[in-house]
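Notes for the structure review
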Amino acid sequence: MLADYHMHTTLCRHAHGTPEEYAAAAVRRGLAEICFTDHVPLDDQKFGPTMLRSEFPVYQEMIARCRATAGLPVLFGIEADFWPEQEFMDLFREWLPAQPFDVVLGSVHAIRGWVYTNGGADLEKWKTVDVAAAWQEYFDLVGQMADTGLFDIVTHLDAPKHSGYWPPAAQIPEIVQPALDRIAAAGMGIELNTSGLIRPCKEIYPSLPILVMARERGIPISFGSDSHGPADLGRYFDQALKLAKAAGYTHCLRMRGRKKQLVPLPHDFAVA
Ligand SMILES: [Zn+2]
Ligand SMILES: [Zn+2]
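Because the structure is a prediction, the values reported are computed rather than measured. (Residues numbered from 1 in each chain as written. Chains lettered and ligands numbered in written order. Predicted model: local features only at pLDDT ≥ 70, side-chain atom pairs only at ≥ 80, totals over all residues.)

**Focus: the overall build of the protein**
Summing up its helical and strand segments, the protein has eight helices and eight strands in all. Its C-alpha radius of gyration of 17 Å places the protein within 12% of the 19 Å reference for a compact globule of 272 residues. For the protein, the C-alpha atoms occupy an extent of roughly 50 × 45 × 35 Å along the three principal directions. Here the protein holds 272 residues, and the buried ones make up 44% of them. (Helix = DSSP H or I, 4+ residues; strand = E, 2+ residues; numbered from the N terminus. Rg over C-alpha atoms; globule rule 2.2 N^0.38 Å. Buried ≥ 20, exposed ≤ 12 C-beta atoms within 10 Å, placed from the backbone.)

What follows is the structure in structure tokens.
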């Protein structure tokens, strides 16, 4: 059985469904366990919609309540956006380790304020930038994130491909490998995030060549649907499992209280 370690609740203001509905869907789909990972609470909302800091106890209560009746283990996690600015690092250094999380996902959603997955002017910007340089800058940020030691799993690792802009394939290893080395040195995992399949890139994050390089470094993997509603849970996990095996993986992560453990990959995953 596979676990789904990436989903959002209504507190994010861009997702729907109650935690109980998520748990019921997870049981129906035959998932081993689930972990809620709403975005880290920020009051200024300048980087997009998140829960407010005052809502964090509500988030905790929602998940605790769900745990009491769910027919499977329900983990408490967070998707923490990495911003290199000092104010965030100070916040994260104190706040993240002090919360009772099972899983802290680390994400890089922006390159110097450019939310490269957005539409509109942000999408247009891809036509004007040097794509390889943008990828390089993104993976430097991922490396910086790993160096902090504050996060457990990198989400959607090659997210700059979201809108369908890739550097030449031959350049990808030199761009990605230094970040993978830093992820491995930090003891972090990476996520197979299936939401890429519904984006313009139409690929799981990360691609097979990147996943092979991660496996060569002994970086463990988790699975995440990045669900924004209960219907998304475990979405395309059959394809993600095939991808993991194609890259040579035999095990994946399970977490409790931010401690990692490896379990064997299942033989297959049937999408219910
Ligand atoms: Zn994300
Ligand atoms: Zn997410």
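**Side note on the sheet that holds strand 5 (residues 189–193)**
With parallel pairing, the six strands of this open sheet are ordered in space as 1-2-3-4-5-6. Edge strands, defined here as strands with exactly one partner in the open sheet, are strand 1 (34–39) and strand 6 (221–224). Here strand 4 (residues 153–154) runs beside strand 5; their pairing, made up of two bridges, is parallel. Opposite Val154, over in strand 5, you have Ile190 as the bridge partner. (Pairing = 2+ DSSP bridges.)

**Some points on the nonpolar core**
Grouped together as the largest cluster of nonpolar side chains are 71 residues, with contacts concentrated most on Ile34, Val103, Ile183 and Ala240. In this structure, Ile183 is in contact with Ala146, Val154, Met188, Ile190 and Ile219, ignoring residues within four places of it in sequence. (Core = buried A, V, L, I, M, F, W, Y, C linked by C-beta atoms within 7 Å. Contact = placed C-beta atoms within 7 Å.)

**A short note on unusual backbone geometry**
Here the residue pair Tyr205 and Pro206 is connected by a cis peptide bond, since its omega of -5 degrees sits within 30 degrees of zero. Within the element layout of this structure, Pro206 appears in the loop between strand 5 and helix 7 (208–216). In the Ramachandran plot, Arg13 falls in the positive-phi region, its phi being about 70 degrees despite a non-glycine side chain. Checked against the element boundaries, Arg13 lands in the segment before helix 1 (19–29). Given 14 C-beta atoms within a 10 Å radius, Arg13 is considered partly exposed.

**Some thoughts on helix 6 (residues 172–185)**
Helix length check: helix 6, at 14 residues, gives a terminal C-alpha distance of 20 Å against a target of 20 Å (1.5 Å per residue), a fit within 8%. Looking at helix 6, one finds that the buried residues are Ile172, Ile175, Val176, Ala179, Leu180 and Ile183. Where helix 6 is buried, its residues touch helix 5 (131–148), strand 4, strand 5 and helix 7. Directly after helix 6, the chain includes Gly187, whose backbone phi takes a positive value near 70 degrees. (Expected span 1.5 Å × (residues − 1).)

**Topic: the environment of Leu192**
Tracing the backbone through its elements, the reader meets Leu192 in strand 5. Considering only alpha carbons, one finds Leu192 and Ala3, 189 residues apart in sequence, at a separation of 11 Å. Among all residues touching Leu192, those that are not within four sequence positions of it are Ile204, Ile221, Phe223, Ala240, Leu243 and Ala244.

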